[in-house]
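Observations on chain architecture
So you can see what is in the structure, the chains are spelled out below.
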Amino acid sequence: MKKQFLFAASAFGLALALSACSESAEPAEEAAVEVESAEVDDIAARQELLEGMGDAFRALRGQMEGETDWAVVLANSETINANAAEFINHFPEGTSMDSGADTEALAVIWEDPEGFSAAHDRLLEASAGLVEAAGTEDMATFQEAAGNLGGACKNCHDTYRKPQE
Ligand code: ASC
């Protein structure tokens, strides 16, 4: 991810350097760099949001195993719910792993948009349920909601993410 940023930054820097030493620099060349940079930004944005969900879910597992602070449970549940609503906005066409970008997103996301959307709907339902369950401060209720959430994560990953080694 970092490498891609550096690449985009240096490609952009190169375009700037070229335009600085040649007044006839092609504007189209700069536009092409901007598109690539936007796609790299989308990949970075969705990865940050998804990793944030993973971190929050791990924190919740700790809360379920050890002493429980329901304010912490609620905050992490809200993070998951908010990130779940947002990351879906960062899947522009051309950003599967087939593009060569540093991503595990499979091309089937764009070949089967209805299926991807349905998997995301299931996630939103589960993440809203997680927040609701956190509010009850009842561990059995929360554990069931966390199980639903984990199932929604796995359901999407099984089909739309590169299989993990
Ligand atoms: C996580 C995480 C996932 C899900 C998944 C649930 O904490 O990073 O991708 O939970 O493992 O099955």
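Residues numbered from 1 in each chain as written. Predicted model: local features only at pLDDT ≥ 70, side-chain atom pairs only at ≥ 80, totals over all residues. Heavy atoms only, no water.

1. Details of the site of the ligand
Taken together, Gly54, Phe57, Arg58, Arg61, Gly150, Cys153, Lys154 and His157 form the complete shell of residues around the ligand. Contact distances for the ligand include 3.4 Å between an oxygen atom and a side-chain N or O atom of histidine 157. When atom positions are compared with the pocket grids, the ligand is found to occupy the largest pocket. Put simply, the parts of the chain that give the shell around the ligand at least two residues each are helix H2 (27-65) and helix H6 (139-160). (Near = heavy atom within 4 Å. Polar contact = N/O pair within 3.5 Å; in protein donor to acceptor, adjacent residues only side chain to side chain. 1 Å grid on protein atoms, 1.4 Å probe; cavity = no way out; pocket = protein on both sides within 12 Å on 5 of 7 lines; lining within 4 Å. Sits in = over half its atoms within 2 Å of the grid points. Helix = DSSP H or I, 4+ residues; strand = E, 2+ residues; numbered from the N terminus.)

2. Let's talk about helix H5 (residues 113-136)
In this model, H5 (24 residues) spans 35 Å end to end at C-alpha, consistent with the 34 Å of a helix rising 1.5 Å per residue. Taken residue by residue, H5 has Gly115, Phe116, Ala119, His120, Leu123, Ala126, Ser127, Leu130, Val131, Ala133 and Ala134 as its buried positions. One or two residues past the end of H5 sits glutamate 137, with phi positive at roughly 55 degrees. (Expected span 1.5 Å × (residues − 1). Buried < 20%, exposed > 50% of the residue type's maximum accessible area, 1.4 Å probe, protein only.)

3. Some points on the nonpolar core
Core analysis: the largest hydrophobic core is formed by 29 residues, its most contacted members being Leu60, Ile80, Leu130 and Phe142. Sorting the residues of this core by element identifies H2, helix H3 (70-87), helix H4 (108-111), H5 and H6 as the ones contributing at least two each. Other than its neighbours up to four places away in sequence, leucine 60 contacts Val73, Asn76, Ser77, Ile80, Leu130 and Phe142. (Core = buried A, V, L, I, M, F, W, Y, C linked by side-chain atoms within 4.5 Å. Contact = heavy atoms within 4.5 Å.)

4. Looking at the side chain of glutamine 63
Here glutamine 63 is to be found in helix H2. In this structure glutamine 63 comes out as buried when scored by relative accessible area, which is 13%. Excluding anything up to four places from it in sequence, glutamine 63 contacts Thr68, Asp69, Val72, Val73 and Met139.

5. A closer look at the pattern of salt bridges
Evaluation of the coordinates by the stated rule reveals two salt bridges. Salt-bridge contacts for aspartate 158 lead to lysine 154; the nearest nitrogen and oxygen are separated by 2.9 Å. In this pair, aspartate 158 and lysine 154 both sit in helix H6, four residues apart, roughly one turn of the helix. (Salt bridge = Lys/Arg side-chain N within 4 Å of Asp/Glu carboxyl O.)

6. Comments concerning unusual backbone geometry
Note on backbone geometry: most residues besides glycine have negative phi, and most peptide bonds are trans. Located in the positive-phi region is glutamate 137, a residue other than glycine, with phi close to 55 degrees. Within the secondary structure, glutamate 137 sits in the loop between H5 and H6.

7. Looking at the packing of H3 against H6
The N-to-C vectors of H3 and H6 enclose an angle of 25 degrees; their axes lie 13 Å apart at closest approach. Compared by their axis directions, H3 and H6 come out roughly parallel. In this structure, H3 crosses over H6, and the sense of that crossing is left-handed. Each of Trp70, Val73, Ser77 and Ile80 in H3 lies in contact with H6, whose residues at this interface are Met139, Phe142 and Leu149. Counted by class, the contact of H3 with H6 contains six nonpolar, one polar and no charged residues. (Axes fitted to C-alpha atoms, helices over the stretch in contact; angles between N-to-C directions. Parallel < 35°, antiparallel > 145°, perpendicular 65-115°, else oblique. Left-handed = near helix turned anticlockwise from the far one by under 90°. Nonpolar A, V, L, I, M, F, W, Y, C, P; charged D, E, K, R; others polar.)

Keep in mind these numbers describe shape, not what the thing actually does.
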